[in-house]
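Residue-level listing of the chains:
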Amino acid sequence: METVIPIFKKEFRSYFTSPIAYIFITVFLVILHGLLFWATGFLVIAQADLRDFFGLISIMLIFFVPAISMRLWAEEMKVGTMELLMTFPVRDWEAVAGKFLAALAMIAVTILLTLPFPISVALVGKPDAGPIVGGYLGALLLGAAYLAIGSWTSSTTSNQIVSFIISLLILLVGSLGLDWVRQFSPSQLAPWLAYLSLRTHFDNITRGVIDIRDIVYYLSIIGFFLYLNVRSVESRKWR
Amino acid sequence: MENKKNRRGVATGIYSATIVLLVALVLAAGNMVASRILGRIDLTRDQEFTISKATREILRGLDDVVTIRVCFSKKLPPNLAMLRRSIDDVLRAYQAYSRGKVRVEYIDPADSPEEEQNLRYLGIPQVQLNVVEKDQLQVINGYMGILIKYADRHQAIPIVQDVYTLEYDLTAGILQILSQEKRIVGFLSGTNAPELTREFESLGQILSKSYQIRPVDLQQGRTGVPPEIKTLVVARPQSIPERIQWQIDQFLMKGGRVLFMVDAMRLDEQIGLQSPIPVLSGIEEMLAHYGVRPQRALVQDRAPFIENAGFAQGFVRYSVAYPLWPKIPHKNMSQGSPITSRLEAVVLPWTAPLDLLVQEDAGGASGKDTTAAIGSSRQPNVRATVLARSSPHATLQKGRFDLTPPNPFQQLRQTDEGQSYPLAVALVGRFQSYFAGKPVPAVPGDTTGVVGSGEIALTESPETQVIVIGNSTFAYSNFLAMFPGNEEFTLNAIDWMTLGDRLIAIRSRGASDRPLGLASGGGKAVFKYLNTFGMALLVAIFGVIRLSTRRRSRQRIATQAAASEGK
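The structure displayed is predicted, hence computed values, not measured ones. (Residues numbered from 1 in each chain as written. Chains lettered and ligands numbered in written order. Predicted model: local features only at pLDDT ≥ 70, side-chain atom pairs only at ≥ 80, totals over all residues. Heavy atoms only, no water.)

**Brief notes about the overall build of chain A**
Heads up, the condition is: Helical segments are the DSSP runs of H or I of at least four residues, strand segments are the runs of E of at least two, and each set is numbered from the N terminus. Between buried and exposed lies partly exposed: a residue is buried under 20% and exposed over 50% of the maximum accessible area for its type, with that area taken using a 1.4 Å probe on protein chains only. When checking whether two residues touch, look at their non-hydrogen atoms; a contact exists if any pair is within 4.5 Å. Per-residue and other accessible areas were derived by the Shrake-Rupley procedure at a 1.4 Å probe size, with only the shown protein chains allowed to occlude residues.
Along chain A, the regular secondary structure elements total 12 helices and one strand. Put simply, chain A runs from its N terminus to its C terminus through helices and strands in the order α-α-α-α-α-α-α-α-α-α-α-β-α. Among the 239 residues that make up chain A, the fraction classed as buried is 59%. Across chain A, every contact between residues at least 6 apart in sequence was considered, and the portion connecting residues at least 24 apart equals 76%. Of the roughly 9,700 Å² that chain A leaves accessible, carbon and sulfur atoms contribute 75%.

Now the structure itself:
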């Protein structure tokens, strides 16, 4: 466990010692608010209701998380530092956890930097705090689930672009795709597809209800893909 | 050698796949277990997704089994898949809190033709639903109702489309079924009052979900208000004769509750807004005696305390903020009354201001009062709560009313003059009769003197409730549809008077109008651009400073290193 923290620190610091994090966060904030004001008509509806805001965050994470996760392992493999990392006295799961947590912290910082918006809404309106807390928790869990998937795909290839595209496809299918297919699926299948969809659980949490089922679902997705990630890193040794 | 390596590779692959599969199965099982546990925290301010205390108490008080039968078709449009889960959540909470007294059954009526027929008879209709199947839009017949059964009685919720009102519907249904008789709300009709059709059709339909609605035609005072009626609605009264006033007064003296919705003017449908007809309700003096006098005036407010209204001028249709449609936000409604405490906004179109003539209770709507709350010698045991009041900038139209909308191309003159007027008032207490010390009014046209002979006039009521609102337009079908807050307000008022406080805590949770206080275009632009670029700019500036500082320090170290090497 004590090796997770140094890996986390090193990885997290690396985001902020290059322009990556700043560009990423700036672009994320501008696009998010731009879409909110110019596409959803937030000020036309003029309600202190942040569902559209969190809905947009959930969609933007589909595109932004693979951009973060693509370099997690693919870069190590391409540059050749993977072998070096494997020679360190670090267990595979510790390396996976350290990198995952650092990227998650980066996503959390990005999400938390959107806080001025709900605060400004609270200054001119009377929003319900519950769905806002739920929205942030949901966004963090959704981001973590997306990241676990992205981290795994990154460990399966040495090409960052390939990793990005595969992650993006999986996330698009796992969230928007399943929601879309559900509209046309047989009635018996619909509840299962709804349960599997990454966004359905997010929608539940953003209502302001923290349900054990939604938490267990996200932890399962995160746990499963991080496990696959560990297996994938492990397999590098006997390949 | 190569073969052996291959075999080992295949074996490892199979082993890995098996382990991965096992992990997936364990996680799936964990999800299955979690789906059976009722564990959730509701963070919403009004506990929107939690069973209320009122329901919990009613459920704990059950002494026999209540069966809730969910009659949902298995084949439903996929967009309703989540509705099943939400309904299930609510019902599981009902089961848990009732300690086994609530039994939940799920049935698909389509499985049995007899069941289908039976349900239709019990009030659960078949509904038509759109389903896409094999790339084709199909219309199917299905069921989405809930039946509550207790002993040999039943109560139906015909269609459940969302869960926002489900708890109210279920609990109201259980309350109705537990009480032997359905509570009856009377609606004053006949020659001097409207019928429950046309403008009030929706109101009648909404109320009939919870109450038995009965038109009360007092036939010029020949018959009294039936004793089984708990609450009487007097909507849009016009020139009410003295004898009917006496009947209403005596109904109140017997402990009946009355909701007065009194208009200052009436619109002629043919002429429209051009010439409103002033209305004399005939009960102004009686209401003043009880503690509230509706003025013969209309309240006009200013933005943002007014609602937009649509108008047509020739072929041009336009929408404009209409000063005669005051919009009462949450802060201008009583926080202490269960009728309004959780409402977000109510729109009272063409409403008359009310003069308060009795002591105002603490907890009424905040704001400057126009009429000093005075203790009335006529009603010493009555207290008033101002449920809704205008903004402090309201002015009055008196005399000839001018309802024409403001020119949409002209900026409305915003003055800080004006004052706040009470627009809806609740009175609680023991009322003194308006007819105390007066002779009982004779029945018009009765020359025999037989009708009404032997009547004993009551002079004081037991503890009861009266609500006075300065217009009836807010409860017209189109206004109830346009402004959800109006429906909530009306229902809360009737519930408060008829059922007591118990159901109101559940009802108001659907209200969710949370307007942003950004009236001017300039304010909106600042809000928009500051949010879009403010934080992003700060991050960018921070990044530039941090990276350049870092570069400089690295350059310094490199220079120092080069210098020390040079030495």
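Past the structure itself, the notes keep going.
**Observations concerning the overall build of chain B**
Helices and strands together make up the secondary structure of chain B, namely 12 helices and 23 strands. Taking all 567 residues of chain B together, 48% fall into the buried category. Split by element, the accessible area of chain B, about 27,800 Å² in all, is 53% carbon and sulfur.

**Concerning the pattern of salt bridges**
Convention followed: One speaks of a salt bridge when a side-chain nitrogen belonging to Lys or Arg is within 4 Å of a carboxyl oxygen belonging to Asp or Glu.
A full pass over the atoms with the stated rule returns 17 salt bridges over all chains. Two residues, A:Arg91 and A:Glu94, come together in a salt bridge whose shortest N-O distance is 3.2 Å. Here B:Glu105 and B:Arg69 are joined by a salt bridge, their closest N and O atoms 3.0 Å apart. Here B:Glu105, found in strand E3 (residues 102-107), pairs with B:Arg69, found in strand E2 (residues 66-72); they are 36 residues apart in sequence, far enough to count as distant. Beyond isolated ion pairs, a larger network of salt bridges with shared partners links A:Lys10, A:Glu11 and A:Lys99.

**Description of the interface of chain B and chain A**
The line we're drawing: Buried area, as used here, totals the accessible surface that two parts lose on assembly, with accessibility defined by a 1.4 Å probe and the loss added over both. In protein, a polar contact means a hydrogen-donor-capable atom and an acceptor-capable atom, both N or O and within 3.5 Å, with residues adjacent in sequence counting only if both atoms are side-chain atoms; elsewhere, any N or O pair within 3.5 Å suffices.
Taken together, the 60 residues of chain B in the interface contact 60 residues of chain A. Summed over both sides, the interface between chain B and chain A buries roughly 5,400 Å², with carbon and sulfur atoms accounting for 63% of that surface. A per-residue breakdown of the area chain B buries against chain A is headed by B:Arg85, B:Arg514 and B:Leu516, which together make up 12% of the total. Taken together, chain B and chain A are joined by one salt bridge. Residue A:Lys126 is joined to B:Glu344 by a salt bridge in which the shortest nitrogen-to-oxygen separation is 3.9 Å. Taken together, the connections running from chain B to chain A amount to eight residue pairs in polar contact (both at pLDDT 80 or more). Every element with two or more residues in the side of chain B that touches chain A is listed here: helix H1 (2-34), strand E1 (40-42), helix H3 (81-97) and helix H12 (521-566) of chain B.

**Structural notes on the environment of A:Leu228**
Its location among the elements puts A:Leu228 in helix H12 (residues 212-238). Judged by relative accessible area, A:Leu228 falls into the buried class, the value being 11%. Beyond its immediate stretch of four places on either side in the chain, A:Leu228 contacts A:Trp152 and B:Val20.

**A few points about the sheet that holds strand E18 (residues 345-347) of chain B**
All names here are of chain B. Let me state the cut-off plainly: Pairs of strands are assigned from DSSP output, requiring at least two bridges between the strands. Only C-alpha atoms enter the line fits that serve as axes; for helices the fit covers just the stretch in contact. Angles between N-to-C directions range over 0 to 180 degrees.
With antiparallel pairing, the three strands of this open sheet are ordered in space as E16-E17-E18. If you trace the sheet from one side to the other, it starts and ends with strand E16 (306-313) and E18, each paired once. Neighbour-to-neighbour, the strand axes of the sheet open up by a mean angle of 40°, direction not taken into account.

**Some details on unusual backbone geometry**
Residues and elements named next belong to chain B. A positive phi angle, close to 50°, is found at Ala151, a residue other than glycine. With respect to the helices and strands, Ala151 occurs in the loop between strand E6 (144-150) and strand E7 (153-157). In this structure, Arg236 takes a positive phi of about 50° despite not being glycine. Given the relative accessible area of 17%, Arg236 is considered buried.

**Side note on the packing of helix H6 (residues 92-112) of chain A against helix H8 (residues 129-155) of chain A**
Helix packing geometry: the angle between the two helix axes and the distance between the axes. Residue and element names in this part refer to chain A. Heads up, the rule is: Each crossing is labelled by how the near helix is turned from the far one, with a counterclockwise turn of less than a right angle marking it left-handed and a clockwise turn marking it right-handed. Gly falls in the polar group here, along with every residue not listed as nonpolar (Ala, Val, Leu, Ile, Met, Phe, Trp, Tyr, Cys, Pro) or charged (Asp, Glu, Lys, Arg).
H8 packs onto H6 with a crossing angle of 145° between their chain directions and a minimal axis gap of 10 Å. Here H6 and H8 pass one another in a crossing that is right-handed. Residues Phe100, Ala103, Leu104, Ile107, Ala108 and Ile111 of H6 touch H8, and the partners they reach there are Tyr136, Ala139, Leu140, Gly143, Ala144, Leu147 and Ala148. Considered class by class, the residues forming the contact of H6 with H8 number 12 nonpolar, one polar and no charged.

**Considering a nonpolar patch on the surface**
Residues and elements named next belong to chain A. For clarity, the threshold we go by: Think of a patch as exposed residues, more than 30% relative accessible area, with no salt bridge, where like charges cluster within 9 Å and nonpolar side chains (Val, Leu, Ile, Met, Phe, Trp, Tyr) cluster within 5 Å.
A surface patch of nonpolar side chains, amounting to about 300 Å² of accessible area, comprises Ile23, Val27, Ile31 and Leu35. Here Leu35 lies in helix H2 (residues 20-38). Since its relative accessible area comes to 33%, Leu35 is described here as partly exposed.

**Things to note about the packing of aromatic side chains**
Let me state the cut-off plainly: Between rings of Phe, Tyr and Trp, where Trp is taken as its six-membered ring, a pair exists when centres lie within 6.5 Å; planes separated by under 30 degrees are stacked, by over 60 edge-to-face, and by other angles tilted. We call a charge positioned over a ring when the NZ of a Lys or the CZ of an Arg lies within 6 Å of the ring centre and within 35 degrees of the ring normal.
A complete count under the given rule lists 34 aromatic pairs over all chains for this structure. Ring geometry for A:Trp152 versus A:Phe225: centroids 5.7 Å apart, planes at 55°, classification tilted. Taken together, the residues A:Trp152 in helix H8 and A:Phe225 in helix H12 connect sequence positions 73 residues apart. Of the aromatic side chains, those joined through ring pairs into one cluster are A:Phe37, A:Trp38, A:Phe42, A:Phe53, A:Phe54, A:Phe117, A:Tyr136, B:Phe527, B:Tyr529 and B:Phe533. One Lys or Arg, A:Lys99, reaches over the ring of A:Trp73 and ends 5.0 Å from the middle of that ring. Against the face of B:Phe435 rests B:Lys438, its NZ or CZ located 5.5 Å from the ring centre.

**Focus: the side chain of A:Arg231**
With respect to the helices and strands, A:Arg231 occurs in helix H12. If near-sequence neighbours (up to four positions away) are discounted, A:Arg231 is found in contact with B:Tyr15 and B:Ser16.

**Here we look at the packing of helix H6 (residues 201-208) of chain B against helix H10 (residues 484-498) of chain B**
Residue and element names in this part refer to chain B. Which entries qualify depends on this criterion: Under this scheme an angle from 65 to 115 degrees is roughly perpendicular, one under 35 degrees roughly parallel, and one over 145 degrees roughly antiparallel; angles in between are oblique.
The contact between H6 and H10 brings their axes to 11 Å, and the two run at 50°. In this view, H6 runs oblique relative to H10, as classed from their interaxial angle. Crossing angle aside, the handedness with which H6 passes H10 is right-handed. Residues Leu203, Ile206 and Leu207 of H6 form the contact with H10, whose participating residues are Glu487, Thr490, Leu491 and Ile494.

**Structural notes on the nonpolar core**
Here is the rule we go by: Nonpolar core, defined: a set of buried Ala, Val, Leu, Ile, Met, Phe, Trp, Tyr and Cys residues in which side-chain atoms within 4.5 Å join the residues together.
The biggest cluster of nonpolar side chains holds 77 residues, and the ones touching the most others in it are A:Tyr15, A:Phe42, A:Phe53, A:Phe117, A:Leu198 and A:Tyr218. At 13 residues, the largest contribution of residues to this core is made by helix H4 (residues 51-79) of chain A. Grouped together as the second largest cluster of nonpolar side chains are 56 residues, B:Val299, B:Ile469, B:Ala493 and B:Leu499 included.

**Regarding the environment of B:Ile339**
Among the secondary structure elements, B:Ile339 is positioned in the loop between strand E17 (316-329) and E18. The exposure class assigned to B:Ile339 is buried, which follows from its relative accessible area of 0%.

**With respect to the confidence of the model for chain B**
All names here are of chain B. For clarity, the cut-off: You can read pLDDT as the predictor saying how much it trusts each residue, on a scale of 0 to 100.
Scored by pLDDT, chain B comes out at a mean of 81, with 85% of its residues at no less than 70. Taken element by element, chain B is modelled with least confidence in helix H11 (residues 504-507), mean pLDDT 60, and with most confidence in strand E11 (residues 257-261), mean pLDDT 94. Segment residues 366-375: pLDDT under 50, and 26 contacts once partners within four positions in sequence are set aside and those in other chains are kept. The complex prediction reports pTM at 0.61, with the ipTM value standing at 0.88.

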